[in-house]
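Observations on the model geometry
In case you want the letters, here they are:
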Amino acid sequence: MSALKSGIYGALILGAALITGAAPGTAAEIKFAFEMFEGDNPEYNAAKAFKDYVENKSNGELTVRLFPGNQMGSVRDTTEMVQAGTLEMTLPSDGAFAGFYKPIQVWSLPYLFRSAPVAWEVMNGEFGQWMLGDIEEKTGIKALAFSQNGFRSFVNNVRPIKTPADMQGMKIRTMESPVYMEMVKALGANPTPIAGSEAVMALQQGVVDGLENPPPVLYTGGAADVAKHLTLNEHVLGLHIVVASKTWFESLSPAHQAIVQEGARVMAAVENVQKTEGDWIYAKKIAEEKGVQVHTSTPEEKQSFKDAVYQPVRKYISEQVGEDLLQQMETSVSEAETKLYGPSN
């Protein structure tokens, strides 16, 4: 799907902080800021799919201007702007979004999803749709869709990680998220929260021994250039939330609201597939191009990690969001597994 010709931009409403009901035939600009840089990566490709969908489906009445690479500030900055109504859309990760909406932490239970398709079922099912509405009710932010930010795995410069014992004493960079810090503690390592923009340098300089991210991020973000070992243990499925300014969204016509909502679903689907493909495509690139030693955890090794971290992290999350929400999530996962694999699996 090709982008519309640049001539549609001449009809943008200039100087407006928000889009407020463009007249028929007038192009209204949607500013969409996100963390990942411009290029061939799942986030940018998904955002580009959103742009193409919205512009084409609206016949140019809506245009989308992408601001990749933190051009408008950090994820927290852009989420605050969306909440305040000074930016139309952004794409926070679950770790960053926890500061706005604590229940999002329920998605971070380690080894919760046995596969990406199970997670997609939960995102698009009753639980996921309920939470999108709850985000809007609790934060005033219009949540349009969940998407996959990849299964997170460990890289380090000390030794291959095959069991939790291999992580004893390691300093591991985490997001500034208590859930991830609790998980690393449960593995016997020392969590070191560092901003994402500083993580690779911290690994390179030995400030930390390792960090965790999905393989596409490890490759494109530079961690694979300075790491010696990668373990594909897939401990947590990272989440993105496609969010919009509620004030702006409600100013759109019903037809335009529907197009933006559909575009968010298209964006989520593109990122879901590309993130899943990226787990093996980029793991192979990391091994062959970067010379990193890659180990894929066996089911038995994954179980040993789950045995070490699930209950401690579950206890922490339960204290934050309540036991009822955890049980709802676990029930939703069980139902998704039955739907995909049948009752005997």
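Residues numbered from 1 in each chain as written. Predicted model: local features only at pLDDT ≥ 70, side-chain atom pairs only at ≥ 80, totals over all residues. Heavy atoms only, no water.

Some thoughts on the nonpolar core
The tendency in soluble globular proteins is for nonpolar side chains to be buried side by side. Core analysis: the largest hydrophobic core is formed by 57 residues, its most contacted members being Phe97, Ile104, Trp107, Phe113, Met131, Phe146 and Met329. With seven residues, helix H12 (residues 299–321) is the single largest residue contributor to this core. In this view, Phe146 contacts Ile104, Trp107, Met123, Gly128, Met131, Leu132, Ile135, Leu239, His240, Ile241 and Ala268; residues no more than four positions away in its chain are not counted. Among the nonpolar cores identified, the runner-up in size contains 27 residues, and Tyr53, Met89, Ile259 and Val260 belong to it. (Core = buried A, V, L, I, M, F, W, Y, C linked by side-chain atoms within 4.5 Å. Buried < 20%, exposed > 50% of the residue type's maximum accessible area, 1.4 Å probe, protein only. Helix = DSSP H or I, 4+ residues; strand = E, 2+ residues; numbered from the N terminus. Contact = heavy atoms within 4.5 Å.)

Details of the pairing of strand S7 (residues 210–213)
Of the two faces of S7, both are covered, the one formed by Gly210 and Glu212 as well as the one formed by Leu211 and Asn213. Alignment of strand S4 (residues 141–156) against S7, held across four bridges, turns out to be antiparallel. In the sheet register, Ser153 faces S7, and the bridge partner there is Asn213. Judged from the two bridges that link them, strand S5 (residues 171–174) and S7 form a sheet pairing that is parallel. (Pairing = 2+ DSSP bridges.)

With respect to the packing of helix H4 (residues 116–124) against helix H13 (residues 323–341)
The N-to-C vectors of H4 and H13 enclose an angle of 120 degrees; their axes lie 9 Å apart at closest approach. Viewed along their axes, H4 and H13 adopt a mutual orientation that is oblique. The element H4 and its partner H13 pack so that their crossing is right-handed. For the pair formed by H4 and H13, the contact residues are Pro117, Val118, Glu121 and Val122 on the first element and Met329, Ser332, Val333, Ala336, Glu337, Lys339, Leu340 and Tyr341 on the second. For the contact of H4 with H13, a count of residues per class yields eight nonpolar, one polar and three charged. (Axes fitted to C-alpha atoms, helices over the stretch in contact; angles between N-to-C directions. Parallel < 35°, antiparallel > 145°, perpendicular 65-115°, else oblique. Left-handed = near helix turned anticlockwise from the far one by under 90°. Nonpolar A, V, L, I, M, F, W, Y, C, P; charged D, E, K, R; others polar.)

With respect to the packing of aromatic side chains
Summed over the entire model, instances satisfying the criterion amount to eleven aromatic pairs. Taking the centre distance of 6.1 Å and the plane angle of 55 degrees together, the rings of Trp107 and Phe127 count as tilted. Here Phe127 lies in helix H5 (residues 126–139) and Trp107 lies in the loop between helix H3 (94–97) and H4, a separation of 20 residues in the sequence. Trp107 sits in the buried class, given a relative accessible area of 1%. (Phe/Tyr/Trp six-rings, centres within 6.5 Å; stacked < 30°, edge-to-face > 60°.)

So, unusual backbone geometry
Positive phi outside glycine occurs at Asn70, with the angle close to 55 degrees. Along the chain, Asn70 turns up in the loop between strand S2 (62–67) and helix H2 (75–84). Classification of Asn70 by relative accessible area gives partly exposed; the value is 32%. Here the phi dihedral of Glu234 falls at roughly 50 degrees; this positive angle occurs in a residue that is not glycine. Mapped onto the elements, Glu234 comes out in strand S8 (residues 229–245).

Observations concerning the confidence of the model for the protein
Summing up the model confidence of the protein, the mean pLDDT is 91 and the portion of residues at 70 or higher is 92%. This stretch, residues 1–25, has a pLDDT under 50; its non-local contacts, to residues over four places away or in other chains, come to 47 contacts. (pLDDT = per-residue confidence, 0-100.)

Details of the environment of Phe32
Note on placement: Phe32 falls in strand S1 (residues 28–33). For the pair formed by Phe32 and Ser297, sequence separation is 265 residues and the distance between their alpha carbons is 37 Å. Ignoring sequence-local partners within four residues, the contact set of Phe32 consists of Phe50, Val64, Arg65, Leu66, Phe67, Met89, Thr90, Leu91, Val242 and Met267.

Side note on the layout of surface pockets
Of the pockets and cavities examined, the largest pocket occupies roughly 1000 Å³. Taken together, 35 residues line the largest pocket, and the ones lying closest to its centre are Glu35, Arg173, Ala195, Gly196 and Ser197. When residues of the lining of the largest pocket are traced back to their parent elements, those giving at least two are H2, H3, S4, helix H7 (196–204), S7 and helix H8 (215–220). Classifying every residue of the lining of the largest pocket by side-chain character gives 15 nonpolar, 13 polar and seven charged. (1 Å grid on protein atoms, 1.4 Å probe; cavity = no way out; pocket = protein on both sides within 12 Å on 5 of 7 lines; lining within 4 Å. Points joined across faces, edges and corners; volume = space filled by probe spheres on them.)

Here we look at helix H1 (residues 42–57)
If you check H1, its first and last C-alpha atoms are 22 Å apart, about what 16 residues at 1.5 Å a residue would give, namely 22 Å. In terms of burial, H1 is a largely internal element, 13 of the 16 residues being buried. Positive phi shows up at Asn59, right after H1, with a value of about 55 degrees. (Expected span 1.5 Å × (residues − 1).)

Some thoughts on the pairing of strand S6 (residues 190–193)
Across four bridges, S5 lies against S6 in parallel orientation. The residue bridging Thr174 from the neighbouring strand is Pro193, located in S6. For the segment spanning S5, helix H6 (residues 178–186) and S6, crossover handedness is right-handed. (Right-handed = clockwise from strand over helix to strand, strands pointing away.)

Let's talk about the pattern of salt bridges
All chains considered together, the criterion is met by 17 salt bridges. Residue Asp134 pairs with Lys138 through a salt bridge whose shortest N-O separation is 2.6 Å. Placement of the pair is Asp134 and Lys138 together in helix H5, with a separation of four residues, close to one helical turn. Residues participating in the shared-partner salt-bridge network are Glu136, Lys142 and Lys246. (Salt bridge = Lys/Arg side-chain N within 4 Å of Asp/Glu carboxyl O.)

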